[in-house]
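Analysis of the macromolecular model
Here are the chains, one letter per residue:
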Amino acid sequence: MSNPAVPPRSLAEALRARDDVSLAALLRARPDLITPVPTDLTQLATRAGTRASVVRALERLDRFALQTAEALAVAADPAPYGELLALLTGDGGDPAVSAALPRALGTLREQALVWGDDDRLRLVRTARELLAPSPQHPSPTGLGPTVREATAGMSPGRIQDIVTAAGLGSTHDAVSAVASLTALFTDRERMSALLAGLPEESREVLSRLVWGPPYGQVTADPAAHLRRLLDLGLLVPTAPGTVVLPREVALHLRGGRAHREVEPLPPAVEPAATHRPQVVDATAAGQAYTALATVEELLKDWDEGGPAVLRAGGLSVRDLKRTAVALDVAEPVAAFWVELAYAAGLLASDGEADERYAATPAHDEWLEQPPAQRWARLAEAWLTATRVSGLVGGRDAKDRTLSTLGPGLDRSAAPEVRHRVLTLLAGLPEGASPSRESVLARLRWERPLRGPQRGDDLRSRLAEWTLTEAELLGVTGRGALSGHGRALLGAAAPKTPDRAPQGPGDKLPVHHHRPAVAEPLSPAEQATASAAAARLLAPLLPEPLDHVLLQADLTAVAPGPLERSLAEVLDVLADVESKGGATVYRFTPASVRRALDAGQSASDLHAFLAAHARTPVPQPLTYLIDDVARRHGHLRVGAASAYVRCDDDALLNEILADKRAAGLRLRRLAPTVLAAQADPAALLEGLRTMGFAPAAESAEGDVLITRAHAHRTPPRTAPEPVPEGPPIPDATLLAAAIRAIRAGDLASTTPRRQGDQALPATGELPRTSSAETLATMQAAVLTGGALWIGYVNAEGAASQRVIAPIRVEGGFVTAYDHTADEVRTYPLHRVTGVAELAEE
């Protein structure tokens, strides 16, 4: 462990000085650092400085933490805290920035992007390279290179000319001349006097470059006011025809500020409207029930096998349009419901040769659950899914159209954005709905590098889709988060309006250096939250009805949701004519025949209507059922190829005389039997088209009951969300990783004794002969001393370990391994060498 009184000389030393709680915070914030677990703290520091890891960490910074890092990138290396504060506040100071800077600096330190004490702050080298100004990558600050960097390729004579023109004494070398010029440009009083002596045109040129970009174009023979700036070094040529404004000059003109606008606090999420919480919950519950009905209708429509799967995967545009018409919604909304059912594991492809989409066995189990639990399953699937239906119809990187249920719809940021948007809504007073603009502004502040600067503001689009989808699903009502939506999120009701956090942990229970962003719940926590949401929603959902209202115009009105058994029979017996607050069913000859084909008799239908009608059964409906039943099955169709038999030979004569029967190629076999060269299904359809009501019969002569057979896929699991990088480690994994890193660091940094000389750690495995290894092990058993060994496991991975040998026999050593913090046995032939540890 490093001496805390001695300033760290490297990031590894700074990490070595941290306690376990601080290391755990680092690994939780940057989980890619323990994939796999580093062997020691030096390797952890090296990994924390790699480009990929630093880019990932920078992308997760909020705007002010990023502005702090950008200011450090243009400050001296190392920079004292005062210089950093001055770059952010300028000459006039800013109390809000001063108050927020410790939090931002703490975030950068926690994530190992900044190390060192306040008097020697160092930005990790890779982060400095990414954020520092360069001609290829201009800095967001708009600043250019320093005087030293801008004059690096300039001749010593030209530098001396600039020093002389600025009224400075000549020097013996270019280095001291540049230092003298830098001192002038950073001296506020002398710099103000120098600028005051410039003509107005010269100062106008500087004002155009001061906030960036700092580069400008000049001719080979510049005007006098430009020549004056070049002579004084206020503009420095970088290439033929190109000049740059040095960083020190720009900072003076800016009043010492690195950024034009500093945003130390997040923008507040402003309420756009406020409703009574009871109204919000009732509206959301009504929409939740509609969501359940829509998904049920979708899966019922695909019950016997849905649309075909495209060769490239997904649903065709034509099938999506047909589904939208069947659900009576717009195509983007239909895509949302289809993707939601897929994410919940309720539909999938059947995997057969003629591959089609169909409901899964899980759908039948889902239907048996109470409505509130069914909604909770849909809502949980939506909240955690990485597939984004809003992308349907767009183009992928290869300019291919993205289709519903097809590949390319996964966006790993979607769950985090959905959770964050709902968290912002949860921070508002109950019943308050936010303005979309304030939500988007807040998200852009929290993750600025994932916004428009990347060329595709995906987070904003995800946020807009989240607000729309949450309303469709019933998580929100009238734009405000409902009570069951709040429970789904695992959030408590707020007591005060949302506001910018003023201090550590303000508003949300988060780590003391993190911005107030609640993390998504673990699977176990989410299951508990979903169950709580279902309990809150259940009393708000309408109770299913066991009756309908029959009317004389052959319609039935369901004034609310029906019990499933009643709805299933009514769907067969009648056709849905309209939906809304009440559903209207219409009875037709075709619908009654459909019920008879499903095995119902006329008496069954009369009894069903009498049992479930709150009004008397109208006479026209009774006549319709009896009339269709009387004719149903009067004709019989079987396989000859096919035949028709009927006891009424006059009816057969009528069929033979009908010109519409010519395509069936009928001929009389007997007075009561006609043969056809069409198959039974085509014959049935042809006769029904002619207005008859035939029934199919089996080889034994019995009437065949034609009932729709549900088509199910084999058991399928719901699609796994695509993670955004390595998952956040849990407490158990963090504790194990930190223990391994500490032990490995002990093994690599503990001084070893070779002969009479104590040697520092070199990172190389010790090398000794087998005889020396055995003798040293046996001696350590007698003395109880600790040894440093090199070990190669069965997979060929080498590691360093500190052990205390207990027993050596049979080619094995049993020892207490400080690296693993347990007693282990190692084969001696896998030990590369051994060294005694130096005494303290």
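Summarised in this report is the structure supplied together with it. (Residues numbered from 1 in each chain as written. Predicted model: local features only at pLDDT ≥ 70, side-chain atom pairs only at ≥ 80, totals over all residues. Heavy atoms only, no water.)

**Observations concerning the packing of helix H26 (residues 564-573) against helix H28 (residues 602-612)**
- Two elements in contact, H26 and H28, have axes whose closest approach is 12 Å; the angle formed by their N-to-C orientations is 130°. Considered as vectors, H26 and H28 are oriented oblique to each other. Along this stretch, H26 crosses H28, giving a crossing that reads as left-handed. Contacts between H26 and H28 involve Leu566, Val569, Leu570 and Leu573 on the former and, on the latter, Leu605, Phe608, Leu609 and His612.
- Per-class residue counts for the contact of H26 with H28 are seven nonpolar, one polar and no charged. (Axes fitted to C-alpha atoms, helices over the stretch in contact; angles between N-to-C directions. Helix = DSSP H or I, 4+ residues; strand = E, 2+ residues; numbered from the N terminus. Parallel < 35°, antiparallel > 145°, perpendicular 65-115°, else oblique. Left-handed = near helix turned anticlockwise from the far one by under 90°. Contact = heavy atoms within 4.5 Å. Nonpolar A, V, L, I, M, F, W, Y, C, P; charged D, E, K, R; others polar.)

**Quick notes on the packing of aromatic side chains**
- Applying the stated rule across the entire model yields three aromatic pairs.
- Residue placement shows arginine 374 over the ring face of tryptophan 366; its charged tip is 5.4 Å from the ring centre. (Phe/Tyr/Trp six-rings, centres within 6.5 Å; stacked < 30°, edge-to-face > 60°. Lys NZ or Arg CZ within 6 Å of the ring centre and 35° of its normal.)

**Describing the nonpolar core**
- Core analysis: the largest hydrophobic core is formed by 89 residues, its most contacted members being Phe64, Phe185, Leu234 and Leu235.
- With eight residues, the single largest contributor to this core is helix H5 (residues 63-74).
- Judged by nonpolar contacts, the second largest core, of 71 residues, contains Val295, Ala359, Ala376 and Leu473. (Core = buried A, V, L, I, M, F, W, Y, C linked by side-chain atoms within 4.5 Å. Buried < 20%, exposed > 50% of the residue type's maximum accessible area, 1.4 Å probe, protein only.)

**Quick word on the sheet that holds strand E5 (residues 242-244)**
- Sheet architecture is open: three strands sit in the order E3-E5-E4, paired in antiparallel fashion. Since the sheet does not close on itself, it has two edges, and those belong to strand E3 (215-217) and strand E4 (236-239), each with one partner. Pairwise comparison of adjacent strand axes, ignoring direction, gives a mean angle of 40° for this sheet.
- Note: E3 against E5, three bridges, orientation antiparallel. (Pairing = 2+ DSSP bridges.)

**Regarding the side chain of threonine 146**
- Structurally, threonine 146 can be placed in the loop between helix H8 (125-131) and helix H9 (147-150).
- When its relative accessible area of 14% is taken as the criterion, threonine 146 is described as buried.
- Not counting residues within four places of it along the chain, the set of residues in contact with threonine 146 comprises Arg247 and Glu248.

**A look at a negative patch on the surface**
- On the surface, Asp647, Asp648, Asp649 and Glu654 cluster together into a negatively charged patch.
- Residue placement: aspartate 647 occurs in the loop between strand E17 (642-645) and helix H30 (649-657).
- Overall, aspartate 647 belongs to the exposed group, its relative accessible area being 71%. (Patch = residues over 30% accessible without salt bridge, like charges linked within 9 Å, V, L, I, M, F, W, Y side chains within 5 Å. Areas by Shrake-Rupley, 256 points an atom, 1.4 Å probe, with all protein chains shown as cover. Salt bridge = Lys/Arg side-chain N within 4 Å of Asp/Glu carboxyl O. Lys, Arg positive; Asp, Glu negative; His and termini not counted. Charge placed at Lys NZ, Arg CZ, Asp CG, Glu CD.)

**Observations regarding the pattern of salt bridges**
- Counted under the stated rule, the structure contains 31 salt bridges.
- The partner of glutamate 204 in a salt bridge is arginine 208, with the nearest N and O atoms 3.9 Å apart. Here glutamate 204 and its partner arginine 208 are both found in helix H13 (residues 200-209), four residues apart, which amounts to about one turn of the helix.
- When its relative accessible area of 54% is taken as the criterion, arginine 208 is described as exposed.
- Its salt-bridge partner being aspartate 571, residue lysine 300 comes within 2.6 Å of it at the nearest N-O pair. Residue lysine 300 is found in helix H16 (residues 277-301), and its partner aspartate 571 is found in helix H26; the two are separated by 271 residues along the sequence.
- A network of salt bridges, in which partner residues are shared, links Asp77, Arg122 and Arg128.

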